[in-house]
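Chain and residue survey
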Amino acid sequence: MDRLAGADLEVGRPPSSRHAGLWPVAALAALVVVVLAVLYAGHSEPGRVDRWIIEPTADSVRPPWRRVALATDFLGEPAGAATLIVAAVAGCLLLRRPRAAVLVVAGAGLTVATATLLKHLVGRTIHGDGNLSYPSGHTAFFTALALVVALLAAGELGLGRTAGTLLVLAAALVAGAAMGWAQVALSAHYATDVLGGWCTALAVVPAAAWLVDRIADNSRWQRH
């Protein structure tokens, strides 16, 4: 995490060690994604857990909270997501953190790509055969962006591994809960779709961060 914030780390330190606190979480998240995918593959109805939380309907939430849900949902739509990405990249460049800027794009992009691929592989639908639902791409994207921003913040604040990991997970929880609530409230996804999207981001972003670090470090060694 420190390297993503731009701090110079000792030569020879393995890139994977910078995100060691997130690897157990990433492994558990990947397991949850797979288990849910197997359980709900090909389904077109809410499961028992989904019905226990809320029965998806078009009027699950009323004004003024519906307007809040719609505004939150917009942040996961192409226009809203692009705006957030541009703002995050601009912030990283203003802070002179180009590696973090690359991770913003890579982390969010790989997470969305993974969620999209999983949707077609799992084939779970909601409100008709054409509406693939598992995992929630909106939740995956918003959580991924929060993870990357939190990684940068942890480095800027000089937090240690434990404190930094707690900050990153807290940011992921808040972002995932906010977008997940909007998706379920608007009947765009089942609750288990939201959980799958959240876990997809938790599994992909640490891998993306490791990959960005690895490529950047290899380039640095070659220049020297």
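Below you will find a few notes about this structure.

1. Some words on the overall build of the protein chain
- Check the secondary structure of the protein chain and you find eight helices and zero strands.
- Reading the helices (α) and strands (β) of the protein chain from amino to carboxyl end gives α-α-α-α-α-α-α-α.
- Counting every position in the protein chain, which comprises 224 residues, the buried fraction comes to 46%.

2. Re the pattern of salt bridges
- Applying the stated rule across the entire model yields four salt bridges.
- Via salt bridges that share partners, D50, R124 and D193 belong to a single interconnected network.

3. A word on the nonpolar core
- Counting 37 residues, the largest nonpolar core has I85, L103, V104 and L147 as the members making the most contacts within it.
- Only α1 (23–40), α4 (78–94), α5 (98–122), α6 (137–156), α7 (161–185) and α8 (191–223) provide two or more residues apiece to this core.

4. A word on α6
- Relative to the 28 Å expected for 20 residues at 1.5 Å per residue, α6 spans 29 Å between its end C-alpha atoms, a close match to the ideal helical length.
- Across the 20 residues that make up α6, a large majority, 17, are buried.
- One or two positions beyond α6, positive phi appears at G158, with a value near 70°.

5. Digging into the packing of α6 against α7
- The N-to-C vectors of α6 and α7 enclose an angle of 155°; their axes lie 8 Å apart at closest approach. Of the possible angle classes, the one that applies to α6 and α7 is roughly antiparallel. Helix-helix and strand crossings are classified by hand; for α6 and α7 the assignment is right-handed. Contacts from H138, T139, F142, T143, A146, L147, A150, L151, A153 and A154 in α6 reach G164, L167, V168, A171, A172, A175, G176, M179, G180 and Q183 in α7.

What counts and what doesn't
- Residue positions are given per chain, counted from 1 along the sequence in the order it is written.
- Given that this is a predicted model, residues contribute local features only at a pLDDT of at least 70 and side-chain atom pairs are listed and counted only at 80 or more, while totals for whole chains, interfaces and linings are drawn from all residues.
- Heavy atoms from the whole structure form the basis of all side-chain values; hydrogens and water molecules are not counted.
- Comment: elements are numbered from the N terminus, with helices defined as DSSP H or I runs of at least four residues and strands as E runs of at least two.
- Categorising residues by exposure relies on relative accessible area from a 1.4 Å probe, with only protein chains included: less than 20% of the type maximum marks a residue as buried, more than 50% marks it as exposed, and the intermediate range marks it as partly exposed.
- One side-chain nitrogen of Lys or Arg within 4 Å of one carboxyl oxygen of Asp or Glu is enough to make a salt bridge.
- Here the nonpolar core consists of buried residues drawn from Ala, Val, Leu, Ile, Met, Phe, Trp, Tyr and Cys, with membership extended through side-chain atoms lying within 4.5 Å.
- For a helix, the expected span equals 1.5 Å multiplied by the residue count minus one.
- Every axis in this analysis is a line fitted to C-alpha atoms, fitted for helices over the stretch in contact. Angles between the N-to-C directions lie between 0 and 180 degrees.
- What sets the label is the angle itself: under 35 degrees gives roughly parallel, over 145 gives roughly antiparallel, 65 to 115 gives roughly perpendicular, and the rest give oblique.
- By convention, the crossing between two helices is left-handed when the near helix turns anticlockwise from the far helix through less than a right angle, and right-handed when the turn is clockwise.
- Throughout, a residue-residue contact means that at least one pair of heavy atoms, one from each residue, lies within 4.5 Å.

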